[in-house]
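Residues per chain are reported as follows:
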Amino acid sequence: MSFFLPGREAVLTACRGLALSHPGIGVCPDPLYLLATRPDPRRRVALVAGGGAGHEPLDVGLLGRGGLDAVVPGPVFTSPTGAQVQAAARAAVELGGRDGARDGVPDCVLLIVKNYTGDRINFALAAERLRAAGTGVAEVVVDDDLATAGTAEGRRGTAGVLVVEKLLGAMADRGAGPEALAELGARVVAATRSLAVCARAHTSPASGSPAFALPPGALDYGVGIHGERAARTAPASRPVEDTVGRMLDELLAGLPHPGTGAAEGVIAVVSGLGGTGELELRAVSALVHQDLTARGVRVRSLAAGVYATALDMAGFSITLTRLAPGWLELWTAPADTPLRLPRAVDPGSTLLTPPTEFRAAPLDAPPSGEPQAVGAFLEELHRMCRAAHADLTALDQASGDGDFGDNFCGGVTAAARRSREQRLAGTAALAATFRDRVGGSSGPLFGVLFTALEPVADRTPPDVRQLAAALRQALTRISAVGGAVPGDRTLLDALAPAVRSLVAAAPHAHDRAVTAAARAAVDGALASAALPARRGRASYTGDHGTGLPDPGAVAVALVLIALARVHEPGPAALLPDPARVTRAEVPG
């Protein structure tokens, strides 16, 4: 984060960027505030919010019709001054009076304040000055953070402010007065709770380093959006489903009793804290929906994205608002703001059925042939992949995009499951899975390899000539599909030596020919470390992968080792430990 902030006036510069990209938003540089310059003509009360910068898109994301009239940003994690709040409020009142769309000025301003000491003090000072100057002031204090319940300062104001601002913005555009808005705000705050976790601290703008260090394998459980440490930690190694479930346990227990409005359901908001990817947030949101639905809690709207951040902290928050009648309509009301929130959850099914030819085979599908050693090769490869996953990922990260471990080992794992569920022979399951279920280059290329091996790999003893022919067919086909040749630092650099070894095997040595081919594949894979990458993603990264073997070639070596262990267990015992191969520790 701190690498790309301007050295001077970072917050002001960011505000100007927002205004430039969103017509209808203006910036006053001194005192600093942002103003929605096209208010709804029905609005009688100006809504003003703000707080320290570093939480974007909160609060500026809801600036405009259907949202806020003015936003007051302070420095990073620091509240704005009372003078800023006062100036922003007066500007919103005066704009309402001179836009010609209605008579008079707004009855008053409603200040939306997060429950942090600095915010409370400065917004209170501004309210005093506004009242002294004849402007009516109402206030809503947001305190949704369960992590600080029971402390002297009470619950902090965090991501729940998003729900409060959206509902109040929609209500204000209906012409509601200050008392009605303040009463609605208080009710929404009372019905809203949030909780956040992080796996990595935010980057300090001052030092350029993480603001705090977490113990290995730990989550900060109950972190604040100003980057405050949580009072407790939780294991990060547990499945994320467990973390989500624990958070929902506490959130539901912390919400007021649903009473007669239980049928209205909840709004659920999953917000990244700045350093969490969209893929993760969408997955967490699906887990939240699944968990709540299983508990009998109706999710009326599900928002997943980046809403309330702590600079670039790697973590997420979950916010639940227990709905009252009419609130969902306010949440889904149209708004002209930089941040667009999702509408109500579609009650219909979101799962589609693929065309017939793409549907998985039924679980009672007949076995593919009757091989004598059903699944032995796949089981051995699967066992090796469980140990090799991290090493294959590291090899690919050095020279590519780091997905090879997931793709190859994930494909083998999926094939093992498919073999059990559909009673497929092991290599048939590998071929079908890699052809149809594994993406990238790993899927089609290893799909070619396993398809060629399917008629021969599961039969013991192996027919060496048929095995050689199958691998040679795979070598030719992979070269044609991928455009690579041996020497390009690809999986062919392990496959080609294995083919040559099998083709050259003398009849009297057929009882150890697969082992010899596996050793040739290992040697070829390790020798790829000295080759320049001329194909695939590794060719984009210059010399970064030099000195390490190609991960695809290493995976081919694992395939041959697995074949040798199944069909020639005696001779195969002399092969290198697969772990040494994946770590490039075997002398070439």
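Let us look at the structure shown here. (Residues numbered from 1 in each chain as written. Predicted model: local features only at pLDDT ≥ 70, side-chain atom pairs only at ≥ 80, totals over all residues. Heavy atoms only, no water.)

1. Regarding helix α7 (residues 278–294)
Then, in step 1: The end-to-end C-alpha separation of α7 is 24 Å, in line with the 24 Å expected for 17 residues at 1.5 Å each.
Then, in step 2: Turning to α7, its buried residues are Leu281, Val284, Ser285, Leu287, Val288 and Leu292. Seen from one end, α7 has its buried residues packed into an arc of 160°, which puts them on one side. Of the residues in α7, the exposed ones pointing more than 90 degrees away from the buried face are Leu279, Gln290 and Ala294.
Then, in step 3: Summarising the contacts, the buried residues of α7 are in contact with α6 (240–254), β10 (266–272), β11 (299–305) and β12 (314–322).
Then, in step 4: Just past α7, the residue glycine 296 takes up positive phi, approximately 85°. (Helix = DSSP H or I, 4+ residues; strand = E, 2+ residues; numbered from the N terminus. Expected span 1.5 Å × (residues − 1). Buried < 20%, exposed > 50% of the residue type's maximum accessible area, 1.4 Å probe, protein only. Arc of directions from axis to C-beta. Contact = heavy atoms within 4.5 Å.)

2. Digging into the sheet that holds β10
Then, in step 1: As summarised here, the arrangement of the 6 strands in space is β9-β8-β7-β12-β10-β11, forming an open sheet in which the pairing is mixed. The sheet is open, and its two borders are formed by β9 (232–235) and β11, each paired with just one other strand. Strand after strand, the sheet turns through a mean of 20° between neighbouring axes, direction not considered.
Then, in step 2: With 2 bridges joining them, strand β7 (residues 192–200) and strand β8 (residues 218–221) adopt antiparallel strand pairing. When the bridges of β8 are listed, cysteine 198 appears paired with aspartate 220.
Then, in step 3: Along the sheet face, α6 touches β7, β8, β9 and β12 and points at about 35° away from the line of β12. (Pairing = 2+ DSSP bridges. Axes fitted to C-alpha atoms, helices over the stretch in contact; angles between N-to-C directions.)

3. Brief notes about the pattern of salt bridges
Then, in step 1: Enumeration according to the criterion identifies 22 salt bridges in this entry.
Then, in step 2: We note a salt bridge from arginine 232 to glutamate 250, for which the minimum N-O separation is 2.8 Å. With arginine 232 in strand β9 and glutamate 250 in helix α6, the pair connects residues that are 18 residues apart, well separated along the chain.
Then, in step 3: According to the relative accessible area criterion, arginine 232 is partly exposed, its value standing at 33%.
Then, in step 4: Glutamate 380 serves as the salt-bridge partner of arginine 565, at 2.9 Å between the closest nitrogen and oxygen. (Salt bridge = Lys/Arg side-chain N within 4 Å of Asp/Glu carboxyl O.)

4. Observations regarding helix α4 (residues 160–172)
Then, in step 1: In this model α4 runs 18 Å from its N-terminal to its C-terminal C-alpha over 13 residues, within 8% of the 18 Å that 1.5 Å per residue would give.
Then, in step 2: Three or more residues of α4 are buried, namely Gly160, Val161, Leu162, Val163, Val164, Glu165, Lys166, Leu167, Leu168, Gly169, Ala170 and Ala172.

5. Section: the sheet that holds strand β4 (residues 70–76)
Then, in step 1: The strand order β1-β2-β4-β3-β5-β6 describes an open sheet built from 6 strands, whose pairing is mixed. Pairing within the sheet leaves two strands with one partner each, and these edge strands are β1 (25–29) and β6 (136–142). Along the sheet, successive strands turn relative to each other by an average axial angle of 20°, direction set aside.
Then, in step 2: Bridging between strand β3 (residues 45–53) and β4 involves 6 bridges; their strand directions are parallel. The residue bridging glycine 50 from the neighbouring strand is valine 72, located in β4.
Then, in step 3: Running at roughly 170° to strand β5 (residues 108–114), helix α3 (residues 117–132) makes contact with β3, β5 and β6 of the sheet.
Then, in step 4: Contacting β3, β5 and β6, α4 crosses the sheet at an angle of about 165° to β5.

These figures come from the coordinates and say nothing about function on their own.
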